[in-house]
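Listed below, chain by chain, are the residues.
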Amino acid sequence: MTALSFLRQMLQDVRQQKLRTALTVLGITWGTVSVSLLVAFGEGLEARIRANQRGLGENIVIAWPSRTSLPWEGLGKGRRIRITEEDIEALRREIPEARFSGEMSREKSTFRRERVRITPEISANSPIFAAMRNIIPAAGGRYVNDLDLDRRRRVVFLGDKLKQDLFGDEEAVGKTVMLDNVPFLVVGVMEKKAQDSSYSGRDEGKAFIPETTFRGLFSERYLENFIFQAANAAATPDVTRRVYEVLARRHKFDPADKEAIGMWDTSEGEKFFAIFFGTFRAFLAIIGSFTLVVGGIGVSNIMYVVVEERTREIGVKLAVGAKPAWIQRQFLAETLTLTAVGGVCGLVVTLGFLAVFPLLGLDEYVGTPQASPLVVATTTLLLGVIGMVAGWFPARRASLLDPVIALKLA
Amino acid sequence: MTAEQPLIELQGVRKVYSTGRLEVEALRGIDLDVHRNEYVAIVGPSGSGKSTLMNILGCLDTPSAGRYTLGGETVGGLDRNRLAEIRNRHIGFVFQNFNLLPYASALENVELPLLFAGVSARERHERAAAMLERVDLANRMDHKPTELSGGQMQRVAIARALVNRPTILLADEPTGNLDSASGKAIVSLFEELHAAGQTIVLITHDAGIARLANRVVRVQDGTIVEDVRAAA
């Protein structure tokens, strides 16, 4: 009888007070929608921005050789430091747990294909560069490889936008483009990627060639910059320190001279984003939960009225031997049921919205809100807590009723 | 019979209600013993305190002063949970206005005390059905109270009061809301129960019903003014 009769009693209340119950449940539904949508949007936005961040490479450090700012062992300051591919080799040898790639660049040479002429940024580097910068070849292509490097092959990997400019929708891989009248074979095109920061143009508009080929072609010796990547963000400071040590020894400058080699540690941004988004998410959850709390207050009020209306029933139950705790449990369970119904409705609305949202095509700007486990867990937890609190006080009042008074009121 | 320990023992029981500044003494020192298998009618004018006495006997209310012993256990000073247990195990209550749960069937209403006693669903069902048969409502088990007549409702209430085999059956004006034919049927049911060994205490206005009891206690202004045992 317990469960069945309990359910029947609830349905009876619902039937008698359709509008009241509907409004109460609506309050919870609305609160649930706001919490879950806000958290989902927060997650989507975070995922979007993180994806944009990854475009430059995860936790990479970009280093530019510059001039010394401190005198060192008899050498004055202001001395130009120039880094070569041999230095990169030395770094790879001495700091084997990190990855290094030098980069040379040029924006003076013209690519020509049929009647199209473009002068893009040419980036000359090594195969590992692609992995560090999240450059992924689209199907059918590949990045510059070690063999290209060894044999100084004239091959080029094109950013997706550059490819589009040169070839349009045509297939590019296997075709030849002229670079200052030297034929280059296209070996791959970049998969479209999001990139929100750069230091010499987005990768989508660049042409990538083997650094050996570049050196031969333009008789350039010195690297414009180099990038390196530690195993994880936590190891970055240590690797950075050792990079200074190795290069300072080879080029005779003070290892503490941070200006000799300028560095941009992108993992600093990562740390900032971790804190920023943690706070942002908590903020959204709190704003959303306020709405849910308002819904909870509505439920609590209604439950007070329900207890009032059912005073006689409570009196009868007490008279035939119901313990106060039983009465309390009953009303708590009713409140939780109402809350759960509202919550499920709210989650359904949210899921429906999230299913439709991608059709709006706003992904590029705000990301795609996702019904991640975090969203569902946060919402469910909040609902449970609010249901318990909303039910606790009316249920407690019900359980504290004096049976004599409860029966007399009838 | 007199040598036996009384089932109910009230000694100097007082009940004071305070409503703001005003204090009303509903009971002013009641001494009453009820023995096993007695059939006691409590009579008295309105406001005499007989309902208060009934509530105290039924453990719905606690005395302000004095001692109440039920089946050897002192009731005074027990907490709400323990009082609920006593109501559940030892007392069967029948009210003037039936006090059935409107949304539950006759059977479910009768099952209620067994539910709070922690009896299994199957046994609850069997015992409640048997009790409804006992009060001649075997064919009304699935009816809601609104689908029953007053007399039938009161019989459901009696079945509910008896289903947990209480030590005493307390009835507060059980025929007050019934027509005379239904009232008579209820009264004869009480007589049958008494004949079968049930201890009964009832409140009534009706001298005719009181006469059927084997003991009549008259309450007036919060004290017992008369306690007459019928010559058996």
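For the structure, check the block above.
Given the structure is predicted, the values throughout are model-derived calculations rather than measurements. (Residues numbered from 1 in each chain as written. Chains lettered and ligands numbered in written order. Predicted model: local features only at pLDDT ≥ 70, side-chain atom pairs only at ≥ 80, totals over all residues.)

### Digging into the overall build of chain B
Keep this limit in mind: Numbering goes from the N terminus for both helices and strands, where a helix is a DSSP run of H or I of at least four residues and a strand is a run of E of at least two. Note on burial: count the other C-beta atoms lying within 10 Å of the residue's C-beta; 20 or more is buried, 12 or fewer is exposed, in between is partly exposed, and C-beta positions come from the backbone. Once C-beta atoms have been placed from the backbone, residue pairs whose C-beta atoms lie within 7 Å are recorded as contacts.
Within chain B one finds seven helices and 10 strands. Out of the 232 residues in chain B, the part that is buried amounts to 47%. Within chain B, contacts between residues at least 6 apart in sequence are counted, and of these 70% link residues at least 24 apart.

### Details of the interface of chain B and chain A
You'll often see interface size given as the accessible area lost when the parts meet. Our working rule: Here the nonpolar group is Ala, Val, Leu, Ile, Met, Phe, Trp, Tyr, Cys and Pro; Asp, Glu, Lys and Arg are the charged ones; every other residue, Gly included, is treated as polar.
Counting residues at the interface gives 25 residues for chain B and 20 residues for chain A. Residue assignment for the side of chain B that touches chain A shows that the elements contributing at least two residues are α2 (80-90), α3 (106-116) and α4 (121-134) of chain B. Its residues placed into classes, the side of chain B that touches chain A shows 12 nonpolar, five polar and eight charged.

### Considerations on the environment of Asp146(A)
Take Asp146(A): it is sitting in helix α5 (residues 146-150). Through-space distance from the C-alpha of Asp146(A) to that of Pro210(A) is 8.7 Å; in sequence the pair is 64 residues apart.

### Examining the sheet that holds strand β8 (residues 199-203) of chain B
Hydrogen bonds along the backbone pair up the strands of a sheet, which may run parallel or antiparallel. All names here are of chain B. Selection rule: Here the rule is simple: two strands pair whenever DSSP picks up at least two bridges between them. Between the N-to-C directions of two axes lies an angle of 0 to 180 degrees, each axis being a line fitted to C-alpha atoms and, for a helix, fitted only over the stretch in contact.
Strand order across the open sheet formed by six strands is β6-β7-β8-β3-β9-β10, with mixed pairing between neighbours. Of all the strands in the sheet, just β6 (91-94) and β10 (223-229) have a single pairing partner and so form its edges. The average undirected angle you get between the axes of adjacent strands in this sheet is 15 degrees. Note that strand β9 (residues 215-220) and β10 share six bridges and pair antiparallel. Note on β10: the bridge partner recorded for Val 217 is Asp 227.

### Considering the sheet that holds strand β1 (residues 60-65) of chain A
Residue and element names in this part refer to chain A. Within the open sheet, the 11 strands sit side by side as β4-β3-β7-β8-β6-β9-β5-β2-β10-β1-β11. Their pairing is mixed. Two strands lie at the open edges of the sheet, namely β4 (116-118) and β11 (261-265), each paired on one side alone. Pairs of neighbouring strands in the sheet enclose a mean axial angle of 30 degrees, with direction left out of account. One ladder, built from four bridges, connects β1 with strand β10 (residues 225-229); its direction is antiparallel. Counted as the bridge partner of Ile 60 is Gln 229 from β10. The strands touched by helix α3 (residues 85-94) within the sheet are β2 (99-106) and β10, with β2 carrying the most contacts at an inclination of about 165 degrees. Each of β3 (111-113), β4, β6 (155-158), β7 (176-179), β8 (182-189) and β9 (207-210) is contacted by helix α6 (residues 160-167), which is oriented at about 150 degrees to β4, the strand it contacts most.

### Some details on the pairing of strand β4 (residues 65-70) of chain B
Residue and element names in this part refer to chain B. Bridge count between strand β1 (residues 8-19) and β4: five bridges; the pairing is antiparallel. Paired with Arg 14 across the two strands is Ala 65, which belongs to β4. With two bridges joining them, β4 and strand β5 (residues 73-74) adopt antiparallel strand pairing. Its bridge partner being in β5, Thr 69 is matched across the sheet by Thr 74. If you look at the hairpin formed by β4 and β5, you'll find two residues sitting between the two strands, and Gly 71 has a positive phi there, around 55 degrees.

### A short note on the pairing of β10(A)
Residue and element names in this part refer to chain A. Summarising burial for β10: five of the five residues are buried, a large majority. As judged from the five bridges shared by β2 and β10, these two strands associate in the antiparallel manner. Within β10, the position partnered with Ser 101 by the bridge is Ile 227.

### Quick notes on the packing of α3(B) against α4(B)
Residues and elements named next belong to chain B. As a reminder of what qualifies: Orientation is classified from the angle alone, with under 35 degrees giving roughly parallel, over 145 giving roughly antiparallel, 65 to 115 giving roughly perpendicular, and any other angle giving oblique. A crossing counts as left-handed when the near helix is turned anticlockwise from the far one by less than a right angle, and as right-handed when that turn is clockwise.
Contact geometry for α3 and α4: axes closest at 9 Å, N-to-C directions at 125 degrees. In terms of orientation, α3 and α4 fall into the oblique class. The element α3 and its partner α4 pack so that their crossing is right-handed. Residues Ala 106, Leu 107, Val 110, Glu 111, Leu 114 and Leu 115 of α3 form the contact with α4, whose own contacting residues are Arg 124, His 125, Arg 127, Ala 128, Ala 129, Met 131 and Leu 132.

### Some thoughts on the packing of helix α5 (residues 150-162) of chain B against helix α6 (residues 180-195) of chain B
All names here are of chain B. Viewed as axis vectors pointing N to C, α5 and α6 meet at an angle of 20 degrees, and their least axial separation amounts to 9 Å. When the interaxial angle is binned, α5 and α6 end up roughly parallel. Note on packing geometry: the crossing formed by α5 with α6 is right-handed. Contacts between α5 and α6 involve Gly 150, Gly 151, Gln 154 and Ile 158 on the former and, on the latter, Ser 182, Ala 185, Ile 186 and Leu 189. For the contact of α5 with α6, a count of residues per class yields four nonpolar, four polar and no charged.

### Details of the environment of Thr212(A)
All names here are of chain A. Looking at the secondary structure, you find Thr 212 in helix α7 (residues 211-218). On the basis of neighbour count, Thr 212 is assigned to the partly exposed category, with 18 C-beta atoms found within 10 Å. Residues Thr 212 and Arg 152 lie 60 residues apart in sequence; the distance between their C-alpha atoms is 5.3 Å. Apart from residues no more than four positions distant in its own chain, Thr 212 is found in contact with Leu 149 and Arg 152.

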